[in-house]
Amino acid sequence: MSIKKHRIISLAASAVVLIVDQLVKYLVAANFELFYTTPIIKGLLEFCYLHNDGAAMGMLSGNRIFLIALPVLMIAAILFFEFSGRINSPFLMWALNLVVGGGIGNLIDRIRFGYVVDFIRFPVSFFNYSFNIADCAVTVGAAMMIIYLIIDIFRSGKKDGKENLSN
């Protein structure tokens, strides 16, 4: 499949992430009271409707302007590089577009409400934070980018090593 087709399909997937994220957040906010909590898998996974005015795990709480400006710049940079033709890896393209879809989903919440709607929580002692579908997409996309970069470093190292051995 060509890079152009990967770009179109991964951008469509990004749009699906955005639409599903916004739809689920709307349904949660319309049908549950704030702080409503119910177990899905007792002691492991629960539905918990919260508002988060910070970033991941509540960090930077109250810094709305920064939490709007940073994603806008990151999304703009990703889309610029993607459409400039500098990204030739379908894997990296998918990773970046997951970040874009999730980033836009949370950005919409921050601009409209001043907070992000969260509703998924693992109530274990070391990770008792709530998140949403957009957060999942950003996290998966970021993990994919890290994997891509690690593989790229090893590939570059092998190429450099072969070149150095032949000199």
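Refer to the preceding data block for the structure.
So, how was this worked out
Residues numbered from 1 in each chain as written. Predicted model: local features only at pLDDT ≥ 70, side-chain atom pairs only at ≥ 80, totals over all residues. Heavy atoms only, no water. Helix = DSSP H or I, 4+ residues; strand = E, 2+ residues; numbered from the N terminus. Expected span 1.5 Å × (residues − 1). Buried < 20%, exposed > 50% of the residue type's maximum accessible area, 1.4 Å probe, protein only. Contact = heavy atoms within 4.5 Å. Core = buried A, V, L, I, M, F, W, Y, C linked by side-chain atoms within 4.5 Å. Arc of directions from axis to C-beta. Axes fitted to C-alpha atoms, helices over the stretch in contact; angles between N-to-C directions. Parallel < 35°, antiparallel > 145°, perpendicular 65-115°, else oblique. Left-handed = near helix turned anticlockwise from the far one by under 90°. Nonpolar A, V, L, I, M, F, W, Y, C, P; charged D, E, K, R; others polar.

Asks: Could you clarify how one ought to interpret helix H1 (residues 3-31) in this entry?
Replies: Compared with an ideal rise of 1.5 Å per residue, which puts 29 residues at 42 Å, H1 spans 42 Å between its outermost C-alpha atoms and is within 8% of the ideal. If you check which residues of H1 are buried, you get His-6, Arg-7, Ser-10, Ser-14, Val-17, Asp-21, Gln-22, Lys-25 and Val-28.

Asks: Got a minute to help me understand the environment of Phe-83 in this structure?
Replies: Position of Phe-83 relative to the elements: it lies in helix H2 (residues 64-83). Excluding its chain neighbours within four sequence positions, the residues that come into contact with Phe-83 are Arg-7 and Leu-11.

Asks: Please clarify how the nonpolar core should be interpreted in this entry.
Replies: Judged by nonpolar contacts, Ile-68, Ile-75, Ile-78, Ile-87, Leu-92, Met-93, Leu-96, Val-99, Val-100 and Leu-107 together constitute the single largest core of 10 residues. Taken together, the elements giving at least two residues each to this core come down to H2 and helix H3 (90-113). It is H3 that provides the largest number of residues to this core, a total of six residues. Every residue in contact with Leu-92, bar those within four places of it in the chain, is listed here: Ile-87, Met-145 and Tyr-148. In this structure, Phe-47, Tyr-49, Val-117 and Ile-120 belong to the second largest nonpolar core, which totals eight residues.

Asks: Looking at this model, I keep getting lost on H2. Mind explaining?
Replies: For an α-helix the count is 3.6 residues per turn, leaving residues at separations of three or four pointing the same way. In a regular helix each residue adds 1.5 Å, so 20 residues correspond to 28 Å; H2 covers 29 Å between its end C-alpha atoms and thus fits that length. Along H2, the positions that sit buried rather than exposed are Leu-67, Ile-68, Ile-75, Ile-78 and Glu-82. One side of H2 carries all its buried residues, which in axial view fall inside an arc of 110°. Away from the buried face of H2 by more than 90 degrees, exposed residues Ile-65 and Leu-73 are located. Following H2 by one or two positions, Gly-85 has its phi on the positive side, about 85°.

Asks: Explanation requested: the packing of H1 against H3 in the structure shown.
Replies: Any two packed helices are characterised by the angle at which their axes cross and by the distance between the axes. Orientation of H1 relative to H3, taken along the N-to-C sense of each, is 30°, at an axis distance of 8 Å. Accordingly, the angle class assigned to the pair H1 and H3 is roughly parallel. Seen along the crossing, H1 lies across H3 with a hand that is right-handed. Residue classes in the contact of H1 with H3 are distributed as 13 nonpolar, nine polar and five charged.

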